[in-house]
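# Observations on chain architecture
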Amino acid sequence: MPCCLRPSLRKTAVILCLLLSSTYLSPAWGQAKIPLETVKLWADTFGGDLYDTVTKYSGSLLLQKKYKDVEPSLRIQEVDGLELVRKFSEDMETMLRRKVEAVKNLVEAAEEADLNHEFNESLVFDYYNAALVNERDASGEHVELGAEFVLEPNAHFSNLMVNTSLSSVQLPTNVYNKDPDILNGVYMSEALNPVFVENFQRDPTLTWQYFGSSTGFFRIYPGIKWTPDENGVITFDCRNRGWYIQAATSPKDVVIVVDTSGSMKGLRMAIAKHTIATILDTLGENDFVNIIAYNDYVHYLEPCFKGILVQADRDNREHFKHLVNELMVKGVGAVGQALREAFHILKQFQEARQGSLCNQAIMLITDGAMEDYKPVFEKYNWPDRKVRVFTYLIGREVTFADHLKWIACNNKGYYTQISTLADAQENVMEYLHVLSRPMVINHDHDIIWTEAYMDSKLVTAQAQSMMLLTTVAMPVFSKKNETLGVHGYAFLNTNNGYILSHPDLRPLYKEGKKLKPKPNYNSVDLSEVEWEDRAEILRTAMINGETGSLSMDVKVPLDKGKRVLFLTNDYFFTGISDTPFSLGVVLSQGHGEYLLLGNTSVEEGLHDLLHPDLTLASDWIYCITDIDPDHRKLSQLEAMVRFLTGEDPDLECDKELVQEVLFDAVVTAPMEAYWTALALNISEESERVADMAFLGTRAGLLRSSLFVGSEKLSDKKFLTAEDKASVFTMDHFPLWYRQAAEQPAGSFVFNLGSAEGPEGPDEPVVVTASTAVAVTVDKKTAIAAAVGIQLRLDFLQRRFWAAVRQCSAGDGPCPKSCRESDLDCFIIDNNGFILISERSREMGRFLGEVDGALMTQLLSTGAFSQVTMYDYQAMCKPPSHHHSAARPLVSPISALLTATRWLVNELLL
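As a starting point, this report considers the structure included with it. (Residues numbered from 1 in each chain as written. Predicted model: local features only at pLDDT ≥ 70, side-chain atom pairs only at ≥ 80, totals over all residues. Heavy atoms only, no water.)

## Some remarks on unusual backbone geometry
What is expected of a backbone is that most residues other than glycine have negative phi and most peptide bonds are trans. Residue Pro222 is bonded to the preceding Tyr221 through a cis peptide linkage, with omega at -5°. Relative to the helices and strands, Pro222 resides in the loop between β7 (218–221) and α6 (242–248). With an omega of 5°, the peptide bond between Trp382 and Pro383 qualifies as cis. Within the fold, Pro383 resides in the loop between α10 (374–380) and β13 (387–394). Look at Leu357: it is not a glycine, yet its phi comes out positive at around 60°. Relative to the helices and strands, Leu357 is located in the loop between α9 (335–351) and β12 (359–366). Among the residues examined, Leu357 registers a relative accessible area of 38% and is labelled partly exposed. In this structure, Arg385 is a non-glycine residue whose phi angle is positive, near 55°. (Helix = DSSP H or I, 4+ residues; strand = E, 2+ residues; numbered from the N terminus. Buried < 20%, exposed > 50% of the residue type's maximum accessible area, 1.4 Å probe, protein only.)

Written as structure tokens, this is what we have:
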């Protein structure tokens, strides 16, 4: 802790510190060094003044007293982490089981309809084509297959325009919408409409339900209108989606063998590359893959993957695509050696019980096979033929067609010829039909849970927030959440170690004004968001679906990585039966181990709940309102009132959370009168100190009161929905609450906000100060609330310069400002960011960026310690290339700025 804090002010815990970057004073001070006592006097004066001010305007002592008054009626309950994670797991298992039952209903209905349907080559049938519904021709008449289709916005489906009574049918642009196979399939699948509706009525937490056909049509419920891309093309093909492919086939080990001999030059190589990319797109994280290229010799596209199979997750698939694009052709093809290498990998993994432990296949991509390859199959694959070999003849020549047909047919595979780039999609998909034959023969109904993906309709609609989905023929996660409080959270991951849900998962990035999914949004590993201080014990246990607990020391980044908390967390985890998912619950040791339970009457609580200064966390689910159409128009506060008064007995609400809100409303109600009295005592002539006061409770209740007119606010975004960091959201508590809750109760935490301009942070506009209020019962302490104020910068600056002008006895004349004395004076926070400086452009910046030498000195003296953090979800912009072939010369100033930027990227404590 910096030495400039006096003991009595250490409880403010802002770790505010006065720093002087020059050691000599002006001539008026006789060129003497500033005495340490003077520096301490400045710090004490400013610190004491600041502490008194924030205590008065926040009302923290009053709020602490109100909770103290009700302590006899309070209980603090210790949280049983293992019991909590088991309860959550059972609830989620029940919810997921209902989704599986809905799938089975659809399967039974589809198979029954198919059984009763006789194919009619000349069938004429009108259906709702999703791309054509509600379209009219020049004469104003509905176009063919585009009849009127009622669409209404629905909150349960992210306010998209949908029809919850009917499904609609989507087809890719390259599929003829009146082909006999399409018409017969669509006609047969009409029988699913009542099942869709019945499923949704039975389980209103369902979202999308759909049916994908091998002929290419896609029936989706609720019905929607499908929008083509900017080129007027519909590229979406349900047969390419992970849920379709994984449901149609079992997990598989695939070795792609590609011919890169001289004969594959030009268009043939382009078709081969596209074919490989298409095959890679059919693989998922339950599959394993490698790619071997051959000409005069055999080589692996990725040398690091030599002799092994790697998981076909999104990262590896994209890496392979990049390597495929760089393939060059030369020499003569030696297919026999390449096939031997492929068989060797597959055999080695099968014997070691690695990989998918299911299907194995070789994909041979070539324009011909001349050498004697029969001995390879005799040695490695016959007579059992455990490895299927699929052959793809590239180009229009058919000279070697018989050879490739022989290879495929004698190894339980499939032969196809790909003559153009457009052929690749349809022809590659044929291998899926072959791999699905055993499932069809055995009539297997395996439940498939896909890797995580984003709702393409929400991406197209540019929704501001998107949930990751997994499919068992539909998305499975409801929006109902159970909050664990500021000291805890829950997360979900797959048996491959990938995150499905986690507060630190950031799957989107901004490109201009548009939100886009990151390339690896669905393959963020658990180890990338939970940094284990040991050898992946947590990750391994959760992948294996084990039940247990462990403790870890963790570093938690806050405020976009500018600040860090050091915590010790307890992790509790268990598998969810009959699914590939594991659930984890995290509780911080200390406050996170306890729950504060209060009690109050409904009448008293309702009275205080309806104060105009009170709001509730808009994202939190106190009552379920998005299922019943009659409830969707209600806010959470309105729904809670109807629930408490018995006006709507059909509302389902979280009784414990509602009771907490009522209790908090009663205890915090006096704060409104306190703040109002302060505001009334502020005259036009008095010094403006603060813009507003605010408080939040662990139940998501928020109160605020203005000391100035709204037009005079320093930061008009603060505590609005636009400022996500400062309000309660579904996956995090506000920054000011979170920081205060991790400090000793009664100590204040300060934060400097800044306006975001086109080039990044602009001048700072607001300082907030917040402190936690704790309750102790039977020697157990729990955080009840956090309270704070929005301070005016000009007030802080005046008080600071006033403190600087004070001197100890015998110091001689005091300077009017640091600038007058040729000094640089700063107030910095406990992470090294400048709160106050005489140069306004420096406020909000990292001290190391402004004065690197001074920060280096502070590091060497131990005033700060350097903390290194890695953001594994960050995206790097492509490097900009200079117009010349050589790198431009770097000036000393440029080099210094580069070094400074590097230092800024390090977190400081």
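Picking up where we left off.
## So, the packing of helix α7 (residues 267–281) against helix α8 (residues 314–325)
α8 packs onto α7 with a crossing angle of 175° between their chain directions and a minimal axis gap of 10 Å. Here α7 is positioned roughly antiparallel relative to α8, judged by the angle of their axes. Between α7 and α8, the residues in contact are Lys273, Ile276, Ala277, Leu280 and Asp281 and Arg317, Phe320, Lys321, Val324 and Asn325, respectively. Counted by class, the contact of α7 with α8 contains five nonpolar, one polar and four charged residues. (Axes fitted to C-alpha atoms, helices over the stretch in contact; angles between N-to-C directions. Parallel < 35°, antiparallel > 145°, perpendicular 65-115°, else oblique. Contact = heavy atoms within 4.5 Å. Nonpolar A, V, L, I, M, F, W, Y, C, P; charged D, E, K, R; others polar.)

## Quick look at the sheet that holds strand β6 (residues 209–212)
Pairing is antiparallel across the open sheet formed by three strands, whose spatial order is β5-β7-β6. Each edge of the open sheet is held by one strand with a lone partner, namely β5 (168–170) and β6. Each adjacent strand pair in this sheet contributes to an overall mean axis angle of 25°, direction not counted. Strand direction decides the pairing type here: β5 and β7, joined by three bridges, are antiparallel. In the strand pairing of β7, Val169 is matched with Arg219. (Pairing = 2+ DSSP bridges.)

## Remarks on the pairing of strand β8 (residues 252–259)
Among the eight residues that make up β8, eight are buried, leaving the element largely enclosed by the rest of the structure. The alternating pattern of β8 places Lys252, Val254, Ile256 and Val258 and Asp253, Val255, Val257 and Asp259 on opposite faces, both of which are buried. Pairing between β8 and strand β9 (residues 288–294): seven bridges, direction parallel. In the strand pairing of β9, Val254 is matched with Val289. The parallel pair β8 and β9, bridged by α7, forms a crossover whose chirality is right-handed. (Right-handed = clockwise from strand over helix to strand, strands pointing away.)

## What about the sheet that holds strand β22 (residues 563–575)?
If you walk across this open sheet you meet the five strands as β18-β17-β23-β22-β21, and the pairing is antiparallel. One side of each edge strand has no neighbouring strand; the edge strands of this open sheet are β18 (499–501) and β21 (548–558). Averaged over all neighbouring strand pairs, the angle between strand axes comes to 35°, with direction disregarded. Taken together, the two bridges between strand β17 (residues 488–494) and β18 define a ladder with antiparallel strand orientation. Paired with Asn493 across the two strands is Ile499, which belongs to β18.

## Side note on the nonpolar core
In terms of nonpolar packing, the biggest core is built from 84 residues, with Tyr67, Leu609, Phe750, Leu791 and Leu796 touching the most fellow members. Per-element tally for this core: the top contributor is strand β30 (residues 780–791), with eight residues. When sequence neighbours within four positions are dropped, the list of residues in contact with Leu609 reads Leu614, Leu637, Met640, Leu644, Val661, Leu662 and Ala665. Among the nonpolar cores identified, the runner-up in size contains 63 residues, and Ile256, Ala293, Val428 and Val434 belong to it. (Core = buried A, V, L, I, M, F, W, Y, C linked by side-chain atoms within 4.5 Å.)

## Digging into the environment of Thr668
The topology assignment puts Thr668 in helix α17 (residues 655–668). Taking the C-alpha atoms as reference points, Thr668 and Leu695, 27 residues apart in sequence, are found 8.6 Å from one another. Side-chain polar atoms of Thr668 contact the backbone oxygen of Asp664, separated by 2.6 Å. (Polar contact = N/O pair within 3.5 Å; in protein donor to acceptor, adjacent residues only side chain to side chain.)

## Some details on the state of the cysteines
Applying the stated criterion across every chain yields a total of one disulfide. Residue pairing for Cys623: its cysteine sulfur links by disulfide to Cys653, the two sulfurs lying 2.0 Å apart. Between Cys623 and Cys653, the disulfide has an S-S torsion of 105° and is therefore right-handed. Of this pair, Cys623 sits in the loop between β25 (614–616) and α16 (636–644) while Cys653 sits in the loop between α16 and α17, and the two are 30 residues apart along the sequence. (Disulfide = S-S within 2.5 Å.)

## Here's the deal with the packing of aromatic side chains
Overall, the coordinates contain 36 aromatic pairs when judged by the stated rule. Ring geometry for Tyr128 against Phe149: centres 4.7 Å apart, planes inclined by 50°, an arrangement best described as tilted. On the criterion of sequence distance, the pair formed by Tyr128 in the loop between α3 (81–116) and β3 (152–154) and Phe149 in the loop between α3 and β3 is long-range, its members being 21 residues apart. Exposure remark for Phe149: the relative accessible area of 3% places this residue in the buried category. Ring geometry for Tyr373 versus Trp406: centroids 6.0 Å apart, planes at 40°, classification tilted. Placement of the pair is Tyr373 in the loop between β12 and α10 and Trp406 in helix α11 (residues 401–409), with a sequence separation of 33 residues. Here the aromatic cluster, defined as three or more aromatic residues joined through ring pairs, consists of Trp620, Tyr622, Phe694, Phe718, Phe728, Phe733, Trp736 and Tyr737. (Phe/Tyr/Trp six-rings, centres within 6.5 Å; stacked < 30°, edge-to-face > 60°.)

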